[in-house]
Amino acid sequence: MNAPLSGPLNDNPVLERWVSFPKSGKISIGTGRVEIGQGVLTAMMQIAADELDVAMERIVVRSGDTALTPNEGYTAGSQSMQFGGVALRQACADVRALFLAQAVKVLGCRLSELSIRDGSMLRNGAPTGQDYWTLAGAVDLTAKATGSGQRKPVAEMKTIGANTARLDLPRKIFGEAIFIHDMQIDGMVHARVVRQPNRGAKLGAVDEKTILRAAKGPVELVRTGNFLAIVGENETAVDLAGDAAANHVQWQHVEVPTPLQQEANWLLQRPAIDRVIGAPEPADAQGRTRFEATYSRGHLAHASISPSCGLALYKDGQLEVWTHCQGVFPLRAALVKTLGLDASKIIVHHVQGSGCYGHNGADDAAADAAIVAMQKPGVPIRVCWRREEEFVYEPKSPAMVVKVRALLDADGKPSDWTQEIWSATHNYRPGAGGNVLGAWALPNPPAEPQPGDVPEANGGGATRNAEPLYNIVAKRIIHHLVPEPPVRTSALRGLGAMPNVFALECFIDELAERAGKDPVEYRLSITSDNRARAVIEKVAAMANWKAGASGGTGRGRGIAFARYKNRAAYSACVVELEVEEEISLRHVWCATDAGLVINPDGVINQLEGGIIQSASWVLKEQVRFENGVASFDWETYPVLKFSEVPEIDIELINTKDETPLGVGEVTAGPTAAAIGNAVSHALGTRIRDLPLTRDRVTATLLKE
Amino acid sequence: MPKKFQFTVNGKPVSIALDNEETPLLAVLRTELGLVGTRFGCGLEQCGCCTVLIDGKPEKCCAKPVWSVAGKSIVTVEGLGTPERPHPLQQAFIEEQAGQCGYCLTGILISAKALLDKNPKPTRGEIAAALDDNICRCGSHNRILRAVEKAATQMRGATP
């Protein structure tokens, strides 16, 4: 029986989109997934090398290109291996089977006599003079995948599961031109947008003379509707004019976020779209003890290290766009809607940028370039955002309030659980109908999407990981979607998983304390999922966890666990830290089960990154509002520094027979909650609002 | 009238004529000289992506006017090593797989070189302190610290 086709292969069944043999000795593989610093292209090459029986060196990768690769939507949600990797594996297996069938015909032998070594066909182990490239002319790769190709058993894999050096890293370490920022196209000019402060703001008087003079070089103004850009050959001149424009352009109907809207509690007063997911909440406690706690988190920035950049050329009715966004096909659809061009007239290519961690300004910068390019046919346009532009205008991860309440049985275990959430959307991506920023300023802005969030079928947005994996008889999520946030909000690494896991795993610790139980023992007593138990037990052993370690001493340790989206990778973290006025992280231990691991060192790298970024969110990060977004640079939005990073030890539980699962986001929640629990252990009192800044720690200690 | 500026980059003399003498050194390196290994991150001298050595000292060059480096000696990541002849730091970064998106790495390599030039045997704490001017957003910090330690050890071995 044929294997069912993985989603992306079902959507893109033509085999040559996945695998082709462009020249002798080389194999080209296509993936809709893009490199965002997570090493995905290396992992895809490992998969292809094993399934096709060729050396890695023979493989070149096409990635994220509307003209050349499968459409796999977004590189997001830790799904590249689970879906994209599995799809590529099957496509390669199907291609291998087609070549073997052709070899049987040409050689007049039986299939069972054949094997493949580095692309060459062997018959009973002996060379036959045939290989992929001699046979390629007779194999029709415009055929559709069938799923009939036999995938390699795990035991026969050589490259999958082996530590493999990232193919892109050397070029980054030697300073080569690899990023979109490094691209040069003949005749290219630079453009900088004079940003519309908010949707609906109208462009008033423009002091053109002063702006042009400030450039100290030739620049011009390009305008359509409320979209105004400065364009010129010299980037420094364009930049100087852009700086001047901030003070020499008038806007009407300006609305900016206020300090009141900065704090998550503001959400509680807002109109919302309400939903209940799960069993109805019981009217009374039925003799059980009720316990409730409220947790919150402010808005976060992606704060990518490189400002967003995009290039575009509109020539002979065709628009070509270069972008570092996570989804070239959804961006193309947004450009169709924004510019009124037909999809067949637009090609979007992915070029690497810095880590994005979700929906940052990448799509917007590409659209900026495209909008300007439409006004300047034949001229390649490059837009590189300024640091302030990135911080102020990138979509933010929404603030959230999470209220958890449980009914406890006599033994102190929860038998009824409610997680109530207030949040704006986590998905204003172009693929969800969201508009690119520049579209708002055009003469006829496209319609706004209906308010919504990521559906639970796709892991949920604000509701992601809001349901505990523990054995609890009745559980429900109450979701208050606040449709009008003070700033544009969208996807950041893990979406609602971080605030939800922070809330529920801190709450579990509070329940354990009430029950007089050790946090590890308590968790195990309400967990029957064996893979969950394994990571909790493993991390406790790694950290030499001992029940009953005394708290309130200024030194603390905490544990937390989550299965990402309740259906992907399992991870548990233990954090050890010290608190004086400031929190100093000392050590983080992490055990993760991500199913079949393609590149163990790559997985560990991602897990480390997730831990450090989450630690940074928890200890330092919140977007400030003060007559506008007041977090506009690295001083007003500080992140974790080298001297503040803890030691990290990670172990993988490599369950080889399971589907490979993504790991970019799995540690975000457990790290946050383990820090929260460790701080509570260190101080003897709990802080439920993030970030855990020095001011907040001091205020909490003074209250005690 | 364009003005002329002279300095050296990676040991080679450079002479450049510019209309605007306030043009940042970073723009000159990237645009005029095609040395794109030094990255633009903020333009505010905050993130360290644009760190280069100026007369041996690590400095951010995204807001440093070109006139201020006239006559000086500049080293960029391109002057550190090549794939054929990597600097021990570059070799160690590859061995430790020290990086994710890699955008910050060239600035970090320069900061690390400046540290090892004056302190060949730094502690982990001293390395971290020396890199606090460089932001890594992906969370590759521990690998980077390990790589610098490793390079330091190798360099001491090579030139005792």
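Residues numbered from 1 in each chain as written. Chains lettered and ligands numbered in written order. Predicted model: local features only at pLDDT ≥ 70, side-chain atom pairs only at ≥ 80, totals over all residues.

Novice: Explanation requested: the overall build of chain A in the structure shown.
Specialist: When helices and strands are counted, chain A shows 17 helices and 24 strands. Viewed in the frame of its principal axes, chain A has a C-alpha envelope of about 80 × 75 × 45 Å. Buried positions account for 56% of the 704 residues belonging to chain A. Long-range contacts, defined as pairs at least 24 residues apart, comprise 80% of the intrachain contacts of chain A with a sequence gap of at least 6. (Helix = DSSP H or I, 4+ residues; strand = E, 2+ residues; numbered from the N terminus. Buried ≥ 20, exposed ≤ 12 C-beta atoms within 10 Å, placed from the backbone. Contact = placed C-beta atoms within 7 Å.)

Novice: Explain the domain arrangement of chain B here, please?
Specialist: Interface size is often expressed as the accessible area that is lost when the parts come together. Residue and element names in this part refer to chain B. In terms of domains, chain B is made up of domain 1 (3-79) and domain 2 (88-158). A C-alpha centroid distance of 22 Å is found between domain 1 and domain 2. Contact residues are listed per partner, giving 14 residues for domain 1 and 12 residues for domain 2. Of all elements in the fold, only strand 3 (51-54) and strand 4 (57-60) reach the threshold of two or more residues within the side of domain 1 that touches domain 2. With three residues, strand 3 is the single largest residue contributor to the side of domain 1 that touches domain 2. Its residues assigned to classes, the side of domain 1 that touches domain 2 shows seven nonpolar, five polar and two charged. (Domains from an automatic or database assignment. Nonpolar A, V, L, I, M, F, W, Y, C, P; charged D, E, K, R; others polar.)

Novice: Is there a simple way to explain the pairing of strand 10 (residues 227-232) of chain A in this structure?
Specialist: Within a regular strand, the side chains alternate between the two sheet faces. All names here are of chain A. Along strand 10, six of the six residues are buried, which leaves the element largely enclosed by surrounding structure. The alternating pattern of strand 10 places Phe227, Ala229 and Val231 and Leu228, Ile230 and Gly232 on opposite faces, both of which are buried. Direction of pairing for strand 7 (residues 189-194) relative to strand 10: antiparallel, over a ladder of five bridges. Opposite His190, over in strand 10, you have Gly232 as the bridge partner. (Pairing = 2+ DSSP bridges.)

Novice: I'm lost on the sheet that holds strand 1 (residues 19-20) of chain A in this one. Help?
Specialist: Within a sheet, adjacent strands bond to each other through the backbone by hydrogen bonds, running parallel or antiparallel. Residues and elements named next belong to chain A. Read across the open sheet, the three strands follow the order 1-2-3; overall the sheet is mixed. Only two strands of the sheet have a single neighbouring strand rather than two, namely strand 1 and strand 3 (59-63). Bridge analysis of strand 2 (residues 27-31) against strand 3 gives five bridges, and the strand direction is parallel. Counted as the bridge partner of Gly30 is Arg62 from strand 3.

Novice: Is there a simple way to think about the nonpolar core in this case?
Specialist: Within soluble globular proteins, side chains that are nonpolar tend to cluster in buried spots. All names here are of chain A. Judged by nonpolar contacts, the single largest core of 266 residues is most densely connected at Ala48, Ala241, Ala312, Ala369, Ala370, Val539 and Cys573. In terms of residue count, helix 3 (residues 80-107) provides more of this core than any other element does, 12 residues in total. Those residues in contact with Ala369, other than ones at most four positions away along the chain, are Ala191, Gly310, Leu311, Ala312, Val321, Ile381, Arg382 and Val383. (Core = buried A, V, L, I, M, F, W, Y, C linked by C-beta atoms within 7 Å.)

Novice: Teacher, can you tell me more about the domain arrangement of chain A here?
Specialist: Residues and elements named next belong to chain A. If you check the domain split of chain A, you get domain 1 (7-164), domain 2 (181-254 + 303-393) and domain 3 (400-426 + 461-703). With centres defined by C-alpha atoms, the gap from domain 1 to domain 3 works out at 38 Å. Across the contact, 19 residues belong to domain 1 and 22 residues belong to domain 3. Among the elements that make up the side of domain 1 that touches domain 3, the one with the highest residue count is helix 3 (five residues). Taken together, the residues that form the side of domain 1 that touches domain 3 break down as seven nonpolar, 12 polar and no charged.

Novice: Help me understand the sheet that holds strand 17 (residues 381-384) of chain A, please; the structure alone is not making it clear to me.
Specialist: Residues and elements named next belong to chain A. One open sheet holds the seven strands; their spatial order is 9-10-7-17-14-15-16, and the pairing between them is mixed. Of all strands in the sheet, those bounded by a partner on one side alone are strand 9 (220-224) and strand 16 (346-350). Each neighbouring strand pair of the sheet contributes to a mean axis angle of 25 degrees, computed without reference to strand direction. As paired elements, strand 14 (residues 309-315) and strand 15 (residues 318-323) share six bridges and run antiparallel to each other. Its bridge partner lying in strand 15, Leu313 is registered against Glu320. The sheet contacts of helix 7 (residues 235-248) involve strand 7 and strand 10, and relative to strand 7 the element is tilted by about 10 degrees. Against the sheet, helix 9 (residues 328-339) makes contact with strand 15 and strand 16, and its axis sits at roughly 145 degrees relative to strand 16, the strand it touches most. (Axes fitted to C-alpha atoms, helices over the stretch in contact; angles between N-to-C directions.)

Novice: Would you take a moment to explain the interface of chain B and chain A for this structure?
Specialist: Taken together, the contact pairs 45 residues of chain B with 45 residues of chain A. Contributions of two or more residues to the side of chain B that touches chain A are made by helix 1 (25-32), helix 2 (88-95), helix 3 (105-118), helix 4 (124-131) and helix 5 (141-158) of chain B. Among the residues making up the side of chain B that touches chain A, the classes are represented as 22 nonpolar, 18 polar and five charged.

Novice: For this particular structure, what's the right way to read the packing of helix 15 (residues 600-620) of chain A against helix 16 (residues 668-683) of chain A?
Specialist: Axis angle and axis distance: for two packed helices, these are the angle between their axes and the distance between the axes, and together they describe the pair. Residues and elements named next belong to chain A. Two numbers describe how helix 15 lies on helix 16: the axes approach to 8 Å, and their chain directions differ by 50 degrees. When the axis of helix 15 is compared with that of helix 16, the two are oblique. Remark: the crossing between helix 15 and helix 16 carries right-handed chirality. From helix 15, Gly610, Ile611, Ser614, Ala615, Trp617 and Val618 reach across to helix 16, where they touch Ala668, Thr671, Ala672 and Ile675. Classifying every residue of the contact of helix 15 with helix 16 by side-chain character gives seven nonpolar, three polar and no charged. (Parallel < 35°, antiparallel > 145°, perpendicular 65-115°, else oblique. Left-handed = near helix turned anticlockwise from the far one by under 90°.)

Novice: What is the right way to read the environment of A:Pro259 from this model?
Specialist: Residue and element names in this part refer to chain A. Tracing the sequence through the fold places Pro259 in helix 8 (residues 259-262). Accessibility expressed as a C-beta count within 10 Å gives 12 for Pro259, which makes it exposed. Other than its neighbours up to four places away in sequence, Pro259 contacts Phe625 and Glu626.

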